[in-house]
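Here is what each chain is made of, one letter per residue.
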Amino acid sequence: MKRSLVLLLLQLFLADYAQAQASQPPPEQVQFGRETLQCAAFSPYVGSLTPEHGPPPSRQLIDGLLDQLIEQTPFRCIMTYGVINGLGEVFASAQTRHLKVIAIVWLDKDIAMNTHSIAAGIETAKSYPETIIAMSCGSEVRTRHGNRFDGEILRCIDSLRRAGVRQPLTTIDTWWEWCDRSLTCRPTLFADKVDWIGTNIFPWWENKFSPIHSCTTAEQAADFHIARVEDLRRTYPDKDVVITEFGWPNGPEGGSETNRHTGQRCGIANSENQALVVRSTFEKLAERGWSGVVFEAFSENWKPGSEGIFGSFWGLCQGLEPYSCLQPFADKEH
């Protein structure tokens, strides 16, 4: 009963927020030139699918997942993680459903594959100018590889600009990378190359890996998000700053991470805490007229291989048939 009430309250809040945003004039601080956005990160690698091998998600699956997202949540904006290997189908599906999309051109250490992704990104951006509202050259490339592939990020940005891509461009990475790995938060070499700052902020992972921010609870997470955005806004005063990923795992129930430096255990994984973090963060963003992208729409079962036991518990919706949105959104019968 307690869980159902918490989930229902979050669903009602997000529905009210979406309705209010539609009826209000744009605030002074707007994103991508026109509106404040409330989005969900979307990857169709659900069930037994994995981006590491095997077939890509089908158009039928993508259609079904987006239909569920529309029917059971207030999100009308998504962020995607690639434009090739079947993921190009997301944009046609989103256009049909009048969804806005932040599109990531996926970059990694395979240079030939990066070239393919960049070319596809250019074609996709031009094919869906009303659906794709912003683009990113890579996601957490520096987090994965340090500075080794800065040239690939710059090559992508320059290629999109030369090709006449009109959507605002960034490269998405953690707040720490956007602060150039400095506690005083200084600009990176991308400062003059991008149109906006896309930053991923996860106190859950700080609780495990950071020697500085080693103990943030679910109750404190929204304030942590806002504080990091404010740091970046001071560092990049002429850029829009968007939280391109934030969230909290809903399981395994009661689980927690141990900080590698301090030995502290802070942050409990459960659906109530996930609901609290999502609700309170969107609430604080709305107060400031700032956009955000919650991570993630659907849970991905392949994630534990790279993210441990919590990797498959970030979804607001279950990534298994019948793909219903149970966490943190209540079923309609509730």
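Every value quoted in this text rests on a predicted model; they were computed, and no experiment measured them.

Asker: What am I meant to see in the overall build of the protein chain here?
Answerer: Counting its secondary structure elements, the protein chain contains 11 helices and eight strands. Scored against the burial criterion, the 334 residues of the protein chain give a buried share of 58%. Taking the contacts inside the protein chain whose residues are at least 6 apart along the sequence as the reference set, 73% of them involve residues at least 24 apart. When the accessible surface of the protein chain is split by element, carbon and sulfur atoms take 51% of a total near 14,300 Å².

Asker: What am I meant to see in the sheet that holds strand β7 (residues 240–246) here?
Answerer: Read once around its circumference, the closed barrel built from eight strands follows the order β1-β2-β3-β4-β5-β6-β7-β8, with strand pairing classed as parallel. Strand-to-strand twist across the sheet, computed as the mean angle between neighbouring axes with direction ignored, equals 25 degrees. Across two bridges, strand β1 (residues 38–41) lies against strand β2 (residues 77–80) in parallel orientation. Considered in β2, the bridge of Ala-40 is made with Ile-78. Here helix α4 (residues 111–127) sits on the sheet in contact with β3 (100–105) and β4 (132–139), set at roughly 175 degrees to β4.

Asker: Would you mind going over the packing of α4 against helix α6 (residues 150–162) with me for this structure?
Answerer: In a packed pair of helices, the relevant descriptors are the angle between the two axes and the axis-to-axis distance. Put simply, α4 and α6 touch, their axes get as near as 10 Å, and they point 25 degrees apart. Taken together, the axes of α4 and α6 are roughly parallel relative to one another. Of the two elements, α4 crosses α6, and the hand of that crossing is right-handed. Where α4 approaches α6, its residues Ile-111, Asn-114, Thr-115, Ile-118 and Ile-122 are matched on the opposing element by Glu-152, Arg-155, Cys-156, Ser-159 and Leu-160. Looking at the contact of α4 with α6 residue by residue, the class counts come to five nonpolar, three polar and two charged.

Asker: How should the packing of helix α9 (residues 218–235) against helix α10 (residues 271–288) be read in this particular structure?
Answerer: Where α9 contacts α10, the axes come no closer than 8 Å and their chain directions differ by 35 degrees. For α9 against α10, the interelement crossing comes out right-handed. In this structure, α9 contributes Ala-218, Glu-219, Ala-221, Ala-222, Asp-223, His-225, Ile-226 and Glu-230 to the contact, and α10 contributes Asn-273, Leu-276, Val-277, Ser-280, Thr-281, Lys-284, Leu-285 and Arg-288. A breakdown of the residues in the contact of α9 with α10 according to their chemical character gives seven nonpolar, four polar and five charged.

Asker: Looking at this structure, I do not really get the nonpolar core. What am I missing?
Answerer: Nonpolar side chains in soluble globular proteins tend to be buried together. Among the nonpolar cores identified, the biggest contains 67 residues, and Phe-42, Leu-107, Met-135, Leu-160, Leu-232, Val-294 and Phe-298 are the most heavily contacted of them. Among the elements that take part in this core, helix α2 (residues 59–72) stands out by supplying five residues, more than any other. One finds Met-79, Ile-104, Ile-172 and Trp-204 within the second-largest nonpolar core, a separate group that totals 26 residues.

Conventions we followed
The residue numbering used here restarts from 1 in each chain and proceeds along that chain's sequence as written. Residues qualify for local features only when their pLDDT is at least 70, as the model is predicted, and side-chain atom pairs are given and counted only at 80 or more; totals for whole chains, interfaces and linings, by contrast, use all residues. Heavy atoms throughout the structure, all of them, feed into the side-chain values; hydrogens and water do not. Segments assigned H or I by DSSP are reported as helices when at least four residues long, segments assigned E as strands when at least two residues long, and all are numbered from the N terminus. The classification of residues rests on relative accessible area computed with a 1.4 Å probe and restricted to protein chains. Under 20% of the type maximum is buried, over 50% is exposed, and intermediate values are partly exposed. Whether two residues are in contact is decided by their heavy atoms: any pair within 4.5 Å suffices. Residue exposure ignores everything except the shown protein chains as possible cover, and the areas themselves are Shrake-Rupley values with a 1.4 Å probe. Strands were regarded as paired on the criterion that DSSP finds at least two bridges between them. All axes are obtained by fitting lines to C-alpha atoms, using only the stretch in contact for helices, and the reported angles, taken between N-to-C directions, cover 0 to 180 degrees. Any angle that is under 35 degrees is reported as roughly parallel, and any over 145 degrees as roughly antiparallel; angles of 65 to 115 degrees are reported as roughly perpendicular and all others as oblique. Take the far helix as the reference: if the near one is turned anticlockwise from it by less than a right angle, the crossing is left-handed, and if turned clockwise, right-handed. In this classification, Asp, Glu, Lys and Arg are treated as charged, Ala, Val, Leu, Ile, Met, Phe, Trp, Tyr, Cys and Pro as nonpolar, and every other residue, Gly included, as polar. Put simply, buried Ala, Val, Leu, Ile, Met, Phe, Trp, Tyr and Cys residues joined by side-chain atoms within 4.5 Å make one nonpolar core.

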